[in-house]
Amino acid sequence: MNLKKRNSRASAEVHTSAMNDIMFFLLLFFLIASTVTNPNVIKLMLPKSSSGQAVSKKTITVSVTQDLRYYVEKKEVPIDALKATLAGYKNIASELTIVLHVDRTVAIQDVVQIMDIAQKLNIKLVLATEPK
């Protein structure tokens, strides 16, 4: 009778080094991709606000850069043609809201000028801010 101890079992080991490399590369890819994608093409330093705003579904964005360039929906528009451009958008959508993105270094008179145009066209206007 053979009473020897049998130690010839297969070892149950899982090698995860290859999986760690894949997870690292995926993490790196998503970090790089998230910094590259930016929905705002026009870089502005917005003023900060602690309260949020409700924005209607029919909105257009008007942006004013530091060097007083005016953009409507990311398309540059001269200030003389701004009223006509906004009137065209008003004809498309009856209840329209302008989300105004203005660099914080722009003089208030330039902001008021856009507010006057929106008031004359009977368009609601919301000033965009950054959260604190």
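Residues numbered from 1 in each chain as written. Predicted model: local features only at pLDDT ≥ 70, side-chain atom pairs only at ≥ 80, totals over all residues. Heavy atoms only, no water.

Caption draft 1: Fine view of the sheet that holds strand β3 (residues 70-72). One open sheet accounts for 5 strands, arranged β4-β3-β2-β5-β6; its pairing is mixed. Every interior strand has two partners, whereas the edge strands, β4 (75-77) and β6 (124-127), have only one. Along the sheet, successive strands turn relative to each other by an average axial angle of 30°, direction set aside. Here strand β2 (residues 59-64) runs beside β3; their pairing, made up of 3 bridges, is antiparallel. Bridge pairing in β3 places Ser63 opposite Tyr71. Its contacts with the sheet place helix α2 (residues 82-92) against β2, β3, β4 and β5 (97-102), and it is angled at close to 15° to β3. The strands touched by helix α3 (residues 108-120) within the sheet are β2, β3, β5 and β6, with β5 carrying the most contacts at an inclination of about 170°. (Pairing = 2+ DSSP bridges. Helix = DSSP H or I, 4+ residues; strand = E, 2+ residues; numbered from the N terminus. Axes fitted to C-alpha atoms, helices over the stretch in contact; angles between N-to-C directions. Contact = heavy atoms within 4.5 Å.)

Caption draft 2: Broad picture of the pattern of salt bridges. Scanning all chains against the criterion turns up 2 salt bridges. The shortest N-O distance in the salt bridge between Asp67 and Arg69 comes to 3.6 Å. Its salt-bridge partner being Arg69, residue Glu76 comes within 3.9 Å of it at the nearest N-O pair. For Arg69, a relative accessible area of 40% translates into the label partly exposed. Within the structure, one salt-bridge network assembled from shared partners comprises Asp67, Arg69 and Glu76. (Salt bridge = Lys/Arg side-chain N within 4 Å of Asp/Glu carboxyl O. Buried < 20%, exposed > 50% of the residue type's maximum accessible area, 1.4 Å probe, protein only.)

Caption draft 3: Representation of the environment of Met115 in the model. One can find Met115 in helix α3. For Met115, a relative accessible area of 40% puts it in the partly exposed group.

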